[in-house]
Amino acid sequence: QYAILLTMVLTIFIKYVLHSIDLHNDNPWDTKAVYMLYTELLTGFIKVLLYMAFMTIMIKVHTFPLFAIRPMYLAMR
């Protein structure tokens, strides 16, 4: 759970850095949207991997974690 929150904080921090770089430039930054998209894509992929690892561990240790299906589906989508 904390690893997912850490990826969310990391995403917000990267977006903040990209926005602050854009604000300090005199000219508009045309490729900022591409970097934002790659940031979302990369952190979404990391979230899916973390959810899959969590589900694998839970299945081996205890039982099928039904509560983790919805967040994993939203991260995949």
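Scroll up for the structure.
Heads up: these notes are all about the structure in this document. (Residues numbered from 1 in each chain as written. Predicted model: local features only at pLDDT ≥ 70, side-chain atom pairs only at ≥ 80, totals over all residues. Heavy atoms only, no water.)

**Considering the overall build of the protein**
Of the regular secondary structure elements, the protein holds three helices and zero strands. Ordered by position from N to C terminus, the α and β elements of the protein give α-α-α. Relative to its length of 77 residues, the protein is extended, with a C-alpha radius of gyration of 16 Å against a globular reference of 11 Å. Per-residue burial for the protein yields a buried fraction of 21% across its 77 residues. Contacts in the protein between residues at least 24 apart in sequence constitute 42% of all its contacts with a sequence separation of at least 6. Accessible surface, the protein: about 6300 Å² in total, of which carbon and sulfur atoms supply 71%. Side chains of the protein give 6 positive and 4 negative charges; the mean places of these two sets differ by 22 Å. (Helix = DSSP H or I, 4+ residues; strand = E, 2+ residues; numbered from the N terminus. Rg over C-alpha atoms; globule rule 2.2 N^0.38 Å. Buried < 20%, exposed > 50% of the residue type's maximum accessible area, 1.4 Å probe, protein only. Contact = heavy atoms within 4.5 Å. Areas by Shrake-Rupley, 256 points an atom, 1.4 Å probe, with all protein chains shown as cover. Lys, Arg positive; Asp, Glu negative; His and termini not counted. Charge placed at Lys NZ, Arg CZ, Asp CG, Glu CD.)

**Describing the pattern of salt bridges**
Opposite charge on two side chains permits them to pair, given that their charged atoms come into close proximity. Per the counting criterion, the structure on display carries two salt bridges. Linking Glu40 and Lys15 is a salt bridge whose minimum nitrogen-to-oxygen distance equals 2.5 Å. One end of the pair, Glu40, is in helix 2 (residues 32-61); the other, Lys15, is in helix 1 (residues 2-24), with 25 residues separating them in the sequence. Notably, a salt bridge pairs Lys32 with Asp22, separated by 3.1 Å at the nearest N-O pair. Highlighted residues: Lys32 in helix 2 and Asp22 in helix 1, separated in sequence by 10 residues. For Lys32, a relative accessible area of 15% puts it in the buried group. (Salt bridge = Lys/Arg side-chain N within 4 Å of Asp/Glu carboxyl O.)

**Structural notes on the nonpolar core**
Ile4, Tyr51, Met55, Ala68 and Met72 together form the largest nonpolar core, which totals five residues. Sequence-distant contacts of Ala68, that is, excluding residues within four places in its chain, are made with Phe54 and Met55. (Core = buried A, V, L, I, M, F, W, Y, C linked by side-chain atoms within 4.5 Å.)

**Things to note about helix 1**
For helix 1, which comprises 23 residues, the first-to-last C-alpha distance of 33 Å matches the rise-based estimate of 33 Å (1.5 Å per residue) to within 8%. Residues of helix 1 that are buried: Ile4, Thr7, Thr11, Leu18 and Asp22. Residues of helix 1 that are buried make contact with helix 2. (Expected span 1.5 Å × (residues − 1).)

**Considerations on the side chain of Thr43**
By the element assignment, Thr43 lies in helix 2. The class of Thr43 is buried, set by a relative accessible area of 7%. Residues contacting Thr43, with those up to four places away along its chain left out, are Thr7 and Thr11.

**What to know about the packing of helix 1 against helix 2**
In contact at an axis separation of 10 Å, helix 1 and helix 2 are set at 175° when each is read in the N-to-C sense. By the criterion of interaxial angle, the relationship of helix 1 to helix 2 is roughly antiparallel. On helix 2, the residues touching Ala3, Ile4, Thr7, Met8, Thr11, Ile14, Lys15, Leu18, His19 and Asp22 of helix 1 are Lys32, Tyr35, Met36, Thr39, Glu40, Thr43, Ile46, Lys47, Leu50 and Tyr51. Looking at the contact of helix 1 with helix 2 residue by residue, the classes come out as 10 nonpolar, five polar and five charged. (Axes fitted to C-alpha atoms, helices over the stretch in contact; angles between N-to-C directions. Parallel < 35°, antiparallel > 145°, perpendicular 65-115°, else oblique. Nonpolar A, V, L, I, M, F, W, Y, C, P; charged D, E, K, R; others polar.)

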